[in-house]
Amino acid sequence: MSRSTVASLVVVISAAVLLLHPMAQAATRSSTIVLKSEKITLPFGQLQFPGKGPGAAIANTHCAMCHSRGFIDTQPPLSHAAWKAEVQKMMSALGCPLKPDQTADLINFLYDYNHRPKQGAPGQ
Ligand code: HEC
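Please read all numbers here as calculations on a predicted model, not as lab measurements. (Residues numbered from 1 in each chain as written. Predicted model: local features only at pLDDT ≥ 70, side-chain atom pairs only at ≥ 80, totals over all residues.)

Turning our attention to the site of the ligand. With respect to spatial proximity, 18 residues lie near the ligand, and among them Cys63, Cys66, Phe71, Met90 and Cys96 are the closest. If one sorts the elements of the shell around the ligand by residue count, helix 5 (residues 80–92) sits on top with 4 residues. (Near = placed C-beta within 6 Å. Helix = DSSP H or I, 4+ residues; strand = E, 2+ residues; numbered from the N terminus.)

Another aspect to go through is the nonpolar core. Ranked by size, the top nonpolar core spans 11 residues in total: Phe49, Ile58, Ala59, Cys63, Ile72, Trp83, Val87, Leu106, Ile107, Phe109 and Leu110. Elements represented by at least two residues in this core include exactly helix 3 (54–63), helix 5 and helix 6 (103–114). When neighbours within four sequence positions are excluded, Ile72 is seen to be in contact with Cys63 and Leu110. (Core = buried A, V, L, I, M, F, W, Y, C linked by C-beta atoms within 7 Å. Buried ≥ 20, exposed ≤ 12 C-beta atoms within 10 Å, placed from the backbone. Contact = placed C-beta atoms within 7 Å.)

Once that is clear, we can look at the packing of helix 5 against helix 6. The interhelical angle for the contact between helix 5 and helix 6, taken along N-to-C directions, is 125°, at an axis separation of 9 Å. By the angle between their directions, the pair helix 5 and helix 6 is classed as oblique. Along this stretch, helix 5 crosses helix 6, giving a crossing that reads as right-handed. Between helix 5, through His80, Trp83, Lys84 and Val87, and helix 6, the contact on the second element is made entirely by Thr103, Leu106, Ile107, Leu110, Tyr111 and Asn114. (Axes fitted to C-alpha atoms, helices over the stretch in contact; angles between N-to-C directions. Parallel < 35°, antiparallel > 145°, perpendicular 65-115°, else oblique. Left-handed = near helix turned anticlockwise from the far one by under 90°.)

As structure tokens, then:
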């Protein structure tokens, strides 16, 4: 057998082994999965903070950019200092892009919002 015939045989056998290999078959089978989009409505993730003051506007743009209002709605009554620490954490540890001159209005808003009279379920 010539060298080129041996080389051709090696190529053919390698291709056959690859095609028959269970991993190759799994890859072929997985290509038949059909993906389809589903629309789901989450309980209160799309709610905006109420109010027209500067604090509400900042909360809607800067706090709701990563997570829902629910993270704030589900907090127990917190002190002013605790909200200040929470805002600092969101800025320094998590990257909330607040400007330093926005924090005072925001912290006042969060404190008032957190201590508002509540009716019904969180987020209402
Ligand atoms: C860059 C993304 C991002 C932004 C912007 C952001 N947060 Fe968060 N926030 C997170 C993540 C992530 C967690 C969950 C952290 C954890 O589990 O420790 C979180 C958790 C929270 C919690 C739950 C308590 C806690 O500390 O884990 C509160 C309250 C909160 N955020 C308030 C705010 C407020 C108020 C703002 C606006 C100033 C804000 N977040 C902006 C990412 C963000």
